[in-house]
Amino acid sequence: MPKRRDILAIVLIVLPWTLLITVWHQSAIAPLLAIRKVCHHLVKEILIIPERLTIHRQRLADDGTEARHEAGPATDSKEYCSQDKDIVEVVRTEYVYTRPPPWSDVLPTIHVITPTYSRPVQKAELTRLANTFLHVPNLHWILVEDSQRRTPLVTRLLRETGLNYTHLNVETPRNYKLRGDTRDPRIPRGTMQRNLALRWLRETFSSNSSQAGIVYFADDDNTYSLELFEEMRSTRKVSVWPVAFVGGLRYESPKVNAAGKVYGWKTVFDPHRPFAIDMAGFAINLRLILLKPQAYFKLRGVKGGYQESSLLRELVTLNDLEPKAANCTKILVWHTRTEKPVLVNEGKKGFTDPNVEI
Amino acid sequence: MRVRLKLKTVFVFYFMVSLLGLMYALMQLGQRCDCRDHGVSKDQQISQLRGELQKLQEHIKTSELSKISKPDVPAIYVITPTYARLVQKAELSRLSHTFLHVPRLHWIVVEDAAQPTPLVTDFLAASGLTYTHLHKLTPKDKKLQENDPSWLKPRGVEQRNEGLRWLREMGAAAEGKEAAALEEAVVYFADDDNTYSLQLFEEMRYTHRVSVWPVGLVGGMKFESPVVQDGRVVRFHTGWRPNRPFPMDMAGFAVSLRLILSNPEACFDGDAQMGFLESSFLQHLVTMDDLEPKADLCTKVLVWHTRTEKPKMKREDALQKQGLGSDPDVEV
């Protein structure tokens with residue numbers, strides 16, 4: 001009997017400690033190691049980068065921000081990660097062609113909502129849009145098709161790009177009483193799709209989550225510069241900037257006073273709208289969208305040019321707008337439109353192989 | 001007895017302590033970032049480093065993407081004629097976004113201008129691409145006027161020829177390893193309003209003489225394409241004048257640089273009949289049998305002949321008449 005008791009006692013003592021040690025070892029030490037490795041990896045990258053930057057200092061036509069980046073990390077590196085000399089090799093060339101850029105835990109996510117519909121230039125438009133988005137870190141593309149079902153063309157395209165995406169669809173109801181294929185003229189194009197995306201965001205993200213995000217409505221035929229996305233990333237409520245080729249002008253822009261506040265709109269077409277801005281001219285912080293779950297684009301009874309106002313007036317006042325793009329003096333987005341291709345040689349029966357996807 | 005009691009309590013005490021320790025460890029595992037208290041300085045450092053790294057990596061990407069590359073992959077020289085109009089900067093911007101993804105791409109931008117314009121100069125400098133900026137003015141009689149239909153006169157002829165001239169100049173001056181690299185390179189004529197997929201460039205990269213593929217939304221059809229049988233091009237599928245020697249669009253073929261350098265007279269003939277521009281160039285270089293079909297034996301569309309609408313400026317024009325036009329210093 002004493003033997004069994006002894007054995008029991010020994011087991012009771014040893015078992016918890018072995019469990020503790022194995023499990024603790026796995027969980028606690030690993031992050032510490034990872035931190036050290038990450039530390040070195042990052043420091044090595046930062047050390048290498050300034051060398052390359054010095055070569056191109058003359059080429060960069062920007063302001064003095066590069067110099068700052070060069071000087072800082074190189075001198076401060078010794079303070080970081082002084083524990084051990086375990087440096088992880090950095091494969092630079094691989095990063096350069098890794099698209100999209102690796103996801104960062106620090107940058108807010110930009111949720112880009114794009115309504116799209118089937119037409120001959122759709123694949124081309126989405127392709128070049130994807131080529132632009134592939135340069136933007138932490139971008140989440142919400143593509144909403146105006147169709148009954150998600151089309152294989154878009155599904156395949158999204159998958160092949162490698163972007164972080166969400167593929168939704170909702171069909172704008174057509175007025176079948178009218179002859180032909182005309183959409184219900186009272187619902188502006190893309191409205192239902194944008195609203196669906198907003199609803200998706202509200203269902204997916206809760207307002208307590210720490211996920212920082214920015215929501216931007218990007219049509220599939222516009223042209224976006226990469227700088228635009230970095231400008232909108234710092235949006236606190238709603239930020240605005242000029243848009244080229246809208247309203248029959250070279251560009252439309254918010255009017256910004258000396259204090260950096262928006263007080264009006266520099267447009268010819270109805271500048272007295274509450275928000276005389278194009279869909280591509282503003283971005284909203286995700287938190288604001290989640291805070292006001294009733295705010296949607298108005299579906300019916302919206303006068304031409306008032307669609308943006310129908311959403312924005314429920315979210316923000318003129319005073320809260322944040323002007324970007326150097327106080328609204330730079331053009332970072334162009335409202336380009338693609339010509340409808342002439343398909344006259346297809347004839348009635350179609351000349352080309354319909355199985356080839358364009 | 002007393003000894004045993006003490007031992008028993010010791011064991012019980014020991015057991016409780018170890019049990020508590022185990023539970024504490026398990027709770028530690030269950031929570032994320034609980035080491036916040038311990039590693040706050042480390043995490044801060046990491047975040048800071050990450051942030052800086054992001055910014056620096058962006059600079060790298062934009063400033064020398066094409067320099068860092070696998071050195072043994074053939075270079076692609078893309079010749080793009082461009083001319084000043086409202087959408088020029090937008091077109092070049094989105095084109096550059098596509099090109100930035102292609103390794104070893106050298107962009108030759110030829111402006112239809114007497115001098116290089118500041119818009120294109122500044123744009124190219126900030127683009128991060130490897131580029132050559134040329135300019136060649138189209139003579140007045142060959143230039144399309146405001147209201148001419150786009151098919152009336154061929155466009156970009158002098159500019160493409162200027163690009164070819166520069167390439168030949170570079171070819172003559174190169175020696176040794178550089179010259180060997182040029183032998184492998186490919187030349188592609190890319191208009192600034194078309195749309196290119198990234199796969200296209202990988203298809204054209206290994207061209208021995210002239211490679212061809214389908215082009216979407218051109219020739220009044222969904223796509224034009226060479227017809228391939230047994231791995232050779234036998235004819236062309238096009239709805240308009242299929243009897244041309246090479247009834248393809250400018251975006252539908254690429255030529256190896258070696259072929260261009262060894263045929264110094266081959267260039268685009270601006271006086272050729274409408275639609276014969278590509279043929280005027282290619283017929284000096286290759287026959288239909290020698291064409292290399294790409295894009296899965298010409299069954300996939302990897303490039304689209306999109307055209308951008310001219311933006312409506314009637315309000316701007318009205319304001320200009322009143323002297324209240326938008327600030328001309330703001331570059332659009």
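Residues numbered from 1 in each chain as written. Chains lettered and ligands numbered in written order. Predicted model: local features only at pLDDT ≥ 70, side-chain atom pairs only at ≥ 80, totals over all residues. Heavy atoms only, no water.

In the nomenclature of an unreviewed UniProt entry, chain B corresponds to Galactosylgalactosylxylosylprotein 3-beta-glucuronosyltransferase from the organism Triplophysa rosa. The UniProt entry for chain B carries the following comment under Catalytic activity (unreviewed entry): "3-O-(beta-D-galactosyl-(1->3)-beta-D-galactosyl-(1->4)-beta-D-xylosyl)-L-seryl-[protein] + UDP-alpha-D-glucuronate = 3-O-(beta-D-GlcA-(1->3)-beta-D-Gal-(1->3)-beta-D-Gal-(1->4)-beta-D-Xyl)-L-seryl-[protein] + UDP + H(+)". Checking UniProt for chain B, the heading Sequence similarities (unreviewed entry) contains the comment "Belongs to the glycosyltransferase 43 family." (UniProt positions renumbered as here; feature names shortened; annotations may be inferred.)

Trainee: Please provide a residue-by-residue account of the nonpolar core, values included.
Mentor: As a rule of thumb, nonpolar side chains are buried together in soluble globular proteins. Grouped together as the largest cluster of nonpolar side chains are 62 residues, with contacts concentrated most on A:Trp141, A:Tyr216, A:Phe229, B:Trp107, B:Tyr188 and B:Phe201. Apart from the residues within four sequence positions on either side, A:Trp141 is in contact with A:Val112, A:Thr114, A:Leu126, A:Leu129, A:Ala130, A:Phe133, A:Leu158, A:Leu163, A:Asn164, A:Tyr165 and A:Thr166. Residues B:Leu167, B:Val210, B:Phe236 and B:Leu285 belong to the second largest nonpolar core, which totals 35 residues. (Core = buried A, V, L, I, M, F, W, Y, C linked by side-chain atoms within 4.5 Å. Buried < 20%, exposed > 50% of the residue type's maximum accessible area, 1.4 Å probe, protein only. Contact = heavy atoms within 4.5 Å.)

Trainee: Tell me about the UniProt feature "binding site: UDP-alpha-D-glucuronate" (unreviewed entry) in chain B, and name the residues and values.
Mentor: All names here are of chain B. When the UniProt feature table is mapped onto this chain, "binding site: UDP-alpha-D-glucuronate" (unreviewed entry) is found at Pro-81, Thr-82, Tyr-83, Asp-112, Arg-155, Arg-160, Asp-191, Asp-192, Asp-193, His-305, Thr-306 and Arg-307. When you line up the elements, Tyr-83 lands in the loop between β1 (76–82) and α3 (88–99). Once residues lying within four places of it in the same chain are set aside, the contact partners of Tyr-83 are Gln-88, Asp-112 and Arg-155. Excluding anything up to four places from it in sequence, Asp-191 contacts Thr-80, Pro-81, Leu-95, Arg-160 and Tyr-196. Looking at Asp-191, its side chain comes within polar contact range of the side chain of Arg-160, at 2.9 Å. (Helix = DSSP H or I, 4+ residues; strand = E, 2+ residues; numbered from the N terminus. Polar contact = N/O pair within 3.5 Å; in protein donor to acceptor, adjacent residues only side chain to side chain.)

Trainee: Give me the lowdown on the confidence of the model for chain B, citing residues and values where you can.
Mentor: Residues and elements named next belong to chain B. When pLDDT is averaged across chain B, the result is 84; 87% of the residues are at 70 or more. By mean pLDDT, the top-scoring element of chain B is strand β4 (residues 186–189) (96), and the lowest-scoring one is helix α2 (residues 36–64) (62). Scored below 50 in pLDDT, residues 34–39 shows 2 contacts in the model against residues more than four places distant or in partner chains. Interface scoring of the predicted complex returns ipTM 0.76; its pTM is 0.74. (pLDDT = per-residue confidence, 0-100.)

Trainee: I'd like a description of the sheet that holds strand β4 (residues 213–217) of chain A, backed by residues and values.
Mentor: All names here are of chain A. Taken together, 7 strands build an open sheet; the order of strands is β3-β2-β1-β4-β10-β6-β11 and the sheet is mixed. Taken across any chain shown, the strands that pair with only one partner, and hence form the sheet edges, are β3 (164–169) and β11 (321–323). On average, adjacent strands in this sheet sit at an angle of 25° to one another, irrespective of strand direction. Sheet strands touched by helix α5 (residues 152–161): β2 (139–145) and β3. Its angle to β3, the strand with the most contacts, is close to 170°. (Pairing = 2+ DSSP bridges. Axes fitted to C-alpha atoms, helices over the stretch in contact; angles between N-to-C directions.)

Trainee: Mind laying out the environment of B:Leu92, listing which residues take part and the relevant values?
Mentor: Residues and elements named next belong to chain B. Within the secondary structure, Leu-92 is located in helix α3. Taking the C-alpha atoms as reference points, Leu-92 and Phe-123, separated by 31 residues in sequence, lie 8.4 Å from one another. In this structure, Leu-92 is in contact with Thr-82, Trp-107, Val-120, Phe-123 and Asp-192, ignoring residues within four places of it in sequence.

Trainee: I'd like to hear about helix α4 (residues 122–133) of chain A, residue by residue, with values.
Mentor: All names here are of chain A. The terminal C-alpha atoms of α4, which comprises 12 residues, lie 16 Å apart, in line with the 16 Å expected from a rise of 1.5 Å per residue. Counting buried positions over the 12 residues of α4 gives 12, a clear majority of the element. Here α4 has its buried residues at Gln-122, Lys-123, Ala-124, Glu-125, Leu-126, Thr-127, Arg-128, Leu-129, Ala-130, Asn-131, Thr-132 and Phe-133. (Expected span 1.5 Å × (residues − 1).)

Trainee: Could you give me a rundown of the pairing of strand β3 (residues 130–135) of chain B, with the residues and numbers involved?
Mentor: Residue and element names in this part refer to chain B. Note: strand β2 (residues 105–111) against β3, 6 bridges, orientation parallel. Looking across to β3, one finds that His-106 is bridged to Thr-130. With respect to chirality, the unit in which β2 leads through helix α4 (residues 118–127) into the neighbouring parallel β3 is right-handed. (Right-handed = clockwise from strand over helix to strand, strands pointing away.)

Trainee: Explain a nonpolar patch on the surface residue by residue, including any values.
Mentor: A cluster of nonpolar residues, A:Trp17, A:Ile21, B:Phe13, B:Tyr14 and B:Val17, forms a patch on the protein surface that exposes about 490 Å² of accessible area. Looking at the nonpolar patch, the element that brings in the most residues is helix α1 (residues 2–30) of chain B, giving 3 residues. For B:Phe13, the location among the structural elements is in helix α1. What makes B:Phe13 exposed here is its relative accessible area of 59%. (Patch = residues over 30% accessible without salt bridge, like charges linked within 9 Å, V, L, I, M, F, W, Y side chains within 5 Å. Areas by Shrake-Rupley, 256 points an atom, 1.4 Å probe, with all protein chains shown as cover. Salt bridge = Lys/Arg side-chain N within 4 Å of Asp/Glu carboxyl O.)

Trainee: Which residues make up the sheet that holds β2(B), and what are the values?
Mentor: Strand pairing in a sheet takes place through backbone hydrogen bonds and is either antiparallel or parallel in direction. All names here are of chain B. With respect to topology, 7 strands assemble into an open sheet ordered β3-β2-β1-β4-β10-β6-β11, the strand pairing being mixed. A single partner strand is all that each edge strand has here, and the edge strands are β3 and β11 (292–293). Packing against the sheet, α3 makes contact with β1 and β2, and its axis sits at approximately 165° to β2.

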